[in-house]
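# A structural walkthrough
Next come the chains, spelled out residue by residue.
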Amino acid sequence: MENFYTDNPHLKFHLTHPLMARIVKLKESDYSQKDKYDFAPLDYEDAIDSYDKIMEILGEISGEIIAPNAESVDKDGAQLVNNQVKYAPGTQRNHDALVKAGLIGFTLPREYDGLNMPHVPYVMSGEIVSRADAGFANIWGLQDCAETILEFASDELKAEFLPRFNKGATAAMDLTEPDAGSDLQAVQLKATYDTRLHCWLLDGVKRFITNGDADISLVLARSEEGTTDARGLSLFVYDRKDNAVTVRRIENKLGIKGSPTCELVFRRAPAKLIGDTKLGLIKYVMSLMNSARLGVGSQSVGLAEAAYREACKYATEREQFGKAIIKYPAVYEMLTNMKVKIDGMRSLLYETARYVDLYKGYNFVSRERKLEADERQESKHYQKLADMFTPLLKLYSSEGCNQIAYDAIQIFGGTGYMKDFPIERIYRDARITTIYEGTSQLQVVAAIRYVGNGGYLSVMRDRSLLPVKRELEYLKGSLEKMTEQFARTVEKINEYGDNEYFEFHARRLVEMAANILIGYLLLYDANRSDEYALSADIYIRKGRAENVATVSFINNCHPKEVNDYKH
Amino acid sequence: MRFRIIVLAKQVPDTRNVGKDAMKADGTVNRAALPAIFNPEDLHALEQALSIKDKLPYAEVILLTMGPTRAAEIIREAMYRGADQGFLITDRKFAGSDTLATSYALSLAVRKLAPYHLVISGRQAIDGDTAQVGPQTAEKLGIPQITYAEEIRSLDAKKIIVKRRLERGVEVVNSTLPALITVHSSAAPCRQRIGKRLMKFKHARTVTELQNETKDYTELYTERPYLLIEEWSAEDLKADAVSLGLSGSPTKVKKIENVVFQLKESKSLSNSDKDIEKLMQTLIGSHIIG
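Note that this is a predicted model, so its numbers are computed, not measured. Counting restarts for each chain: residues are numbered from 1 in the order of the written sequence. Note on labels: chains are lettered from A, ligands numbered from 1, in written order. Whole-chain, interface and lining totals are the exception, using all residues; otherwise, since this is a predicted model, local features are given only for residues with pLDDT of at least 70 and side-chain atom pairs are given and counted only at 80 or more.

Before going further, it helps to spend a moment on the overall build of chain B. In terms of regular secondary structure, chain B is built from eight helices and 12 strands. Once the C-alpha set of chain B is aligned to its principal axes, its extents read approximately 75 × 45 × 40 Å. Among the 290 residues that make up chain B, the fraction classed as buried is 39%. Residues are treated as contacting if the C-beta atoms built from their backbones sit within 7 Å of each other. If you take every contact in chain B between residues at least 6 apart in sequence, the share linking residues at least 24 apart comes to 69%. Helical segments are the DSSP runs of H or I of at least four residues, strand segments are the runs of E of at least two, and each set is numbered from the N terminus. Exposed residues have 12 or fewer other C-beta atoms within 10 Å of their own C-beta, buried residues have 20 or more, and residues in between are partly exposed; the C-beta atoms are placed from the backbone.

Quick look at the overall build of chain A now. Within chain A, the secondary structure is distributed over 19 helices and 11 strands. Put simply, the radius of gyration uses C-alpha atoms, and a globule should come to 2.2 Å times the residue count raised to 0.38. A compact globule built from 567 residues should have a C-alpha radius of gyration of about 24 Å, and chain A, at 24 Å, falls within 12% of that. The principal-axis extent of the C-alpha atoms belonging to chain A is close to 70 × 60 × 60 Å. The burial tally for chain A puts 50% of its 567 residues in the buried class. Nonlocal contacts in chain A, meaning residues at least 24 apart in sequence, comprise 76% of its contacts between residues at least 6 apart.

Attention now goes to the domain arrangement of chain A. Residue and element names in this part refer to chain A. Each assigned domain of chain A is listed here: domain 1 (9–166 + 282–434), domain 2 (171–279) and domain 3 (440–565). For each domain, the first and last residues come from an automatic or database assignment. For domain 1 and domain 2, the distance between their C-alpha centres works out to 25 Å. In this assembly, 36 residues from domain 1 lie in contact with 34 residues from domain 2. Of all elements in the fold, only helix H3 (44–76), strand S2 (84–86), helix H6 (134–141), helix H7 (144–152), helix H8 (155–166), helix H9 (280–317) and helix H13 (423–430) reach the threshold of two or more residues within the side of domain 1 that touches domain 2. For this classification, the nonpolar set comprises Ala, Val, Leu, Ile, Met, Phe, Trp, Tyr, Cys and Pro, the charged set comprises Asp, Glu, Lys and Arg, and every other residue, Gly included, is treated as polar. Partitioned by chemical class, the residues of the side of domain 1 that touches domain 2 number 21 nonpolar, eight polar and seven charged.

Before going further, it helps to examine the environment of Asp 84 of chain B. All names here are of chain B. Secondary-structure assignment places Asp 84 in the loop between helix H2 (72–81) and strand S5 (85–89). Residue class for Asp 84 comes out partly exposed when judged on the 16 C-beta atoms lying within 10 Å of it. When the C-alpha positions of Asp 84 and Ala 9 are compared, they lie 15 Å apart, and in sequence the two are 75 residues distant. Not counting residues within four places of it along the chain, the set of residues in contact with Asp 84 comprises Glu 60, Val 61 and Ile 62.

Before going further, it helps to spend a moment on the pairing of strand S1 (residues 3–9) of chain B. Looking down a regular strand, the side chains alternate between one sheet face and the other. Residues and elements named next belong to chain B. Most of S1 sits out of view: five of its seven residues are buried. When DSSP locates at least two bridges between a pair of strands, those strands are taken to pair. Where S1 lies against strand S4 (residues 59–66), seven bridges are found, and the strand directions are parallel. Across the sheet, Phe 3 pairs through a bridge with Ala 59, a residue of S4. Two strands pair when backbone bridges link them, and S1 and strand S6 (residues 118–122) are joined in this way by four bridges, in the parallel orientation. Across the sheet, Leu 8 pairs through a bridge with Ser 121, a residue of S6.

For the rest of this paragraph, the subject is the packing of helix H3 (residues 99–112) of chain B against helix H4 (residues 133–141) of chain B. All names here are of chain B. For the pair H3 and H4, the least separation of the axes is 8 Å and the interaxial angle reads 50 degrees. By the criterion of interaxial angle, the relationship of H3 to H4 is oblique. Both H3 and H4 take part in a crossing whose hand is right-handed. Across the interface between the two elements, Thr 99, Leu 100, Thr 102, Ser 103, Tyr 104, Leu 106, Ser 107, Val 110 and Arg 111 of H3 pack against Val 133, Gln 136, Thr 137, Lys 140 and Leu 141 of H4. The class makeup of the residues in the contact of H3 with H4 is six nonpolar, six polar and two charged. Every axis corresponds to a line fitted to the C-alpha atoms, with the helix fit spanning only the stretch in contact, and the corresponding angles, defined between N-to-C directions, vary from 0 to 180 degrees. Roughly parallel here means an angle under 35 degrees, roughly antiparallel means over 145, roughly perpendicular means 65 to 115, and every remaining angle is called oblique. Take the far helix as your reference; a near helix turned counterclockwise from it by less than a right angle gives a left-handed crossing, and one turned clockwise gives a right-handed crossing.

Each partner contributes to the interface: chain A provides 15 residues, whereas chain B provides 12 residues. Those elements giving two or more residues to the side of chain A that touches chain B turn out to be H3 and helix H4 (89–100) of chain A. With six residues, H3 of chain A is the single largest residue contributor to the side of chain A that touches chain B. In the side of chain A that touches chain B, the residues fall into nine nonpolar, two polar and four charged.

The next subject is H4 of chain A. Residue and element names in this part refer to chain A. To estimate how far a helix should extend, the number of its residues minus one is multiplied by 1.5 Å. Its 12 residues place the ends of H4 16 Å apart at the C-alpha level, agreeing with the 16 Å of an ideal helix rising 1.5 Å per residue. Among the residues making up H4, those that are buried are Gly 90, Thr 91, Asn 94, Ala 97 and Leu 98. In a view along the axis of H4, the buried residues occupy a sector of 130 degrees, so they form one face of it. Along H4, the residues that are exposed and aim more than 90 degrees away from the buried face are Pro 89 and Asp 96. Where H4 is buried, its residues contact H3 and H6. Following H4 by one or two positions, Gly 102 has its phi on the positive side, about 70 degrees. Taken from the helix axis, the directions to the C-beta atoms give the arc we talk about.

Residues and elements named next belong to chain B. Spatially, the 10 strands line up as an open sheet ordered S9-S8-S7-S10-S6-S1-S4-S5-S12-S11, and their pairing is mixed. Both outer strands of the open sheet, strand S9 (169–176) and strand S11 (205–206), are each paired with one neighbouring strand and no more. The pairing of S6 with strand S10 (residues 179–183) spans five bridges and is classified as parallel. The residue bridging Ser 121 from the neighbouring strand is Thr 182, located in S10. With respect to the sheet, H2 is in contact with S1, S4, S5, S11 and strand S12 (228–232), its orientation differing from that of S5 by roughly 165 degrees. Across the sheet, H3 lies against S1, S4, S5, S6 and S12, angled at about 145 degrees from S4, the strand it touches most.

This brings us to the environment of Gly 258 of chain A. Residue and element names in this part refer to chain A. Checked against the element boundaries, Gly 258 lands in the loop between strand S8 (245–250) and strand S9 (261–273). Separated by 184 residues in the primary sequence, Gly 258 and Asp 74 place their C-alpha atoms 5.8 Å from one another. Discounting residues that sit within four places of it in the chain, Gly 258 has contacts with Val 73, Asp 74, Gly 77, Ala 78, Ala 88, Thr 91, Asp 133, Gly 135 and Phe 136.

All right, on to helix H16 (residues 473–495) of chain A then. Two residues of an α-helix separated by three or four positions point the same way, owing to the 3.6 residues in each turn. Residue and element names in this part refer to chain A. The first and last C-alpha atoms of H16 sit 33 Å apart over 23 residues, in line with the 33 Å expected at 1.5 Å per residue. If you check which residues of H16 are buried, you get Leu 475, Lys 476, Leu 479, Met 482, Thr 483, Phe 486, Thr 489, Val 490 and Ile 493. If you follow the buried residues of H16, they end up packed against helix H14 (440–452), helix H15 (455–464), helix H17 (499–504), helix H18 (506–528) and helix H19 (533–555). Immediately beyond the C-terminal end of H16, within one or two residues, lies Gly 497, with a positive phi of roughly 60 degrees.

With that settled, the discussion passes to unusual backbone geometry. Of note, the amide linkage connecting Ala 114 of chain B to Pro 115 of chain B takes the cis form, showing an omega dihedral of 0 degrees. Checked against the element boundaries, Pro 115 of chain B lands in the loop between H3 and S6. The peptide bond linking Leu 177 of chain B to Pro 178 of chain B adopts the cis configuration, its omega dihedral lying at -5 degrees. You can see Pro 178 of chain B is positioned in the loop between S9 and S10. The residue Phe 321 of chain A is not glycine, and still its phi comes out positive at about 50 degrees.

Looking at soluble globular proteins, one finds that nonpolar side chains tend to be buried together. In terms of nonpolar packing, the biggest core is built from 236 residues, with Leu 202, Phe 236, Ala 307 and Leu 517 of chain A together with Val 7 and Ala 105 of chain B touching the most fellow members. It is H9 of chain A that provides the largest number of residues to this core, a total of 17 residues. With sequence-adjacent residues up to four places away left out, Ala 105 of chain B is seen in contact with Met 66, Ile 89, Phe 94, Ser 97, Leu 237, Ala 239 and Leu 244 of chain B. We define a nonpolar core as a collection of buried residues of the types Ala, Val, Leu, Ile, Met, Phe, Trp, Tyr and Cys that are connected via C-beta atoms lying within 7 Å of each other.

For residues with low pLDDT, the predicted coordinates do not support detailed interpretation. Confidence of the predictor at the level of single residues is given by pLDDT, which spans 0 to 100. In the predicted model, chain B carries a mean pLDDT of 90, and 97% of its residues have values of at least 70. Here the complex is predicted with pTM 0.92, and the ipTM for its interfaces comes to 0.91.

Turning our attention to the packing of H3 of chain A against helix H5 (residues 119–132) of chain A. All names here are of chain A. Where H3 contacts H5, the two axes come as close as 8 Å, and the packing angle between them is 20 degrees. Here H3 lies roughly parallel to H5, going by the angle between them. H5 is crossed by H3, and the crossing has right-handed handedness. Between H3 and H5, the contacting residues are Tyr 51, Ile 54, Met 55, Leu 58, Gly 59, Ser 62, Gly 63, Ile 66, Ala 67 and Ala 70 on the first element and Pro 121, Met 124, Ser 125, Ile 128, Val 129, Arg 131 and Ala 132 on the second. Partitioning the contact of H3 with H5 into residue classes produces 12 nonpolar, four polar and one charged.

Structure (structure tokens):
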């Protein structure tokens, strides 16, 4: 029996992080639901035990059903039949298994038939499913849409839509249009309020919509006639039962073929407004995008884990020149670098998820009662950390999984280039992660703010105040030196007062910050378990060398040299 | 009246992934080295019961197992998947039972659960591989039996139609109810554990298990009586002591041999009559056939 949760002890390590006690207490309103729901936890240990057991079910479905279906799903893809999406047979079986196991509506409150799980186990579910089939993980992960309805829609809409998730309703977020990709402010799909029908009607085209023919779709549309910017956009929910949207085509993609990417035509499609008009992009979609980026983070870690396992297995079995290739330095170094990188990516993933859980937890409590001053401060603190860490996670993990998939194919040699092993699929599936839900370049735009305003620097300095075991002190020393080097470099760039120059180095600066912050995460993982001591050591030493090289490049690059790069 | 389905199941050592330490020096199974699991074909049996319940909402599924305290694990497993309740037949007096003594105890327990409509079990357990317990239980209950079931074609209050998977094909048979059917591994696999049911029933315990718990959730069992798994002893079943355990088990194990197949033991034969004749002589000589 394959189980993608129990065979990977790193997951339980993160599931039982010390901060979980606060997260669960918030999520479970101090364990007050046990009298109302017979499946609600009795206390903290009971909650963690439930999460552990739910992960075991998910790990089993992933290992026994989703992973074995991945090859046929990749081959069959989704089909367009009478302008409707028909999933690959394997995709449908995966979805049915998860519905029957009652796992959809993972984070939704129990009153809406959800499982009321925090984000940490939910993100973990994304990692596990992605390791089995990254394309299918999109269909699983789009239940994020339920969170948006929960947070921002009226009680009436919540009652109408939310209980459908646990019964198996699928979801989509319809944002992109032919002329509005990275720049969502340019969205043109038109929403008009029909006073005779007393409802909103949507008209226009959406493109590149993942799972576009879902049961429940969140649609970004222009409700304010004559506007051209973000303030004219509102968010709507469209119900597939209304049959007013046709799927014009399914894109033929490089990877994630089981996840249908659709072009949609809305013709007087009735829809219901979520929250208030004009807040569609600036508030609701921004929140949805943050969840989606966390989702891509989990997808990237799952893909990286899959690639690493494939490569390790092959390197152990494949012999050349009379011995297994894993015995050669050129190969074992690649494998160890993969492992270290995955430990770092995963630590960043769950740290970010914990921040999201904490601030959302306080938001949730604030609906029941007024927060105390210190709680409000905590909530703000964690929201800021989530905002800072999310783009870093999306950037670092998506780029990381591509590197790992690339190296994994390299280890396979010619065999890896053939369609005979899953590694070529993993490689193709990985490629999208640096592109969708905001490209790496846009993540840098989001992250560079916290380089400029000292946000990352203050997190690094806070981290250095935490104690570590004596045998790990030397790593903390390195990180402190790296921090000061980072601060000096930023300062030096700022001295020129040249925005373009700052932007030119933005990615380099963000990556320097990532090396330090992830170094700290691994250091504290090592402090909690010796299992991570080696990863922390290798990661920090490599990170230091990389940062030194970056600084050397920046120091040798005068603002006027930026012109040399202009095309 | 509810349509009562009783599933007979067994917790077995996982003999599918046998390592070097699977057998003890004396030739008996080293149970400590092998994880205890829900006997695979019993899971197929449970699926048949649950899929009947999907169609007949008034059906109830009761899991019955015999074994030591820890066998309650498979009762919980069944509850996670949809079984309504379970009973554990447990008593030192049952120790050493062969198929005859086991089917005796099971038949008494099934009678205690009368009126019932259907008894379903796996074809055989992976530790003993006898495939005798189901049929013997049916005999003792005096009800018809359908073995090697692959699919229940139809079912009403009085009649069942079953497709059987046989060595060289299939056979469709019908029977009156109550009946006992044993399910083949070619039948539908068992559904997954269901998230909310798992969280609901994970605290289900037998009294003996509760005595060994370190964490005290005593109140829980007064508030939620469905979490108490009933244990039945030989006395509860009003069993005749002589028919139980070792004394009720005519099967005697004479010798256990640890057979390790090695490549050097292979022989190549030509297709001549002479070679075949020689092979037959060897096989008859070593009592493998004949």
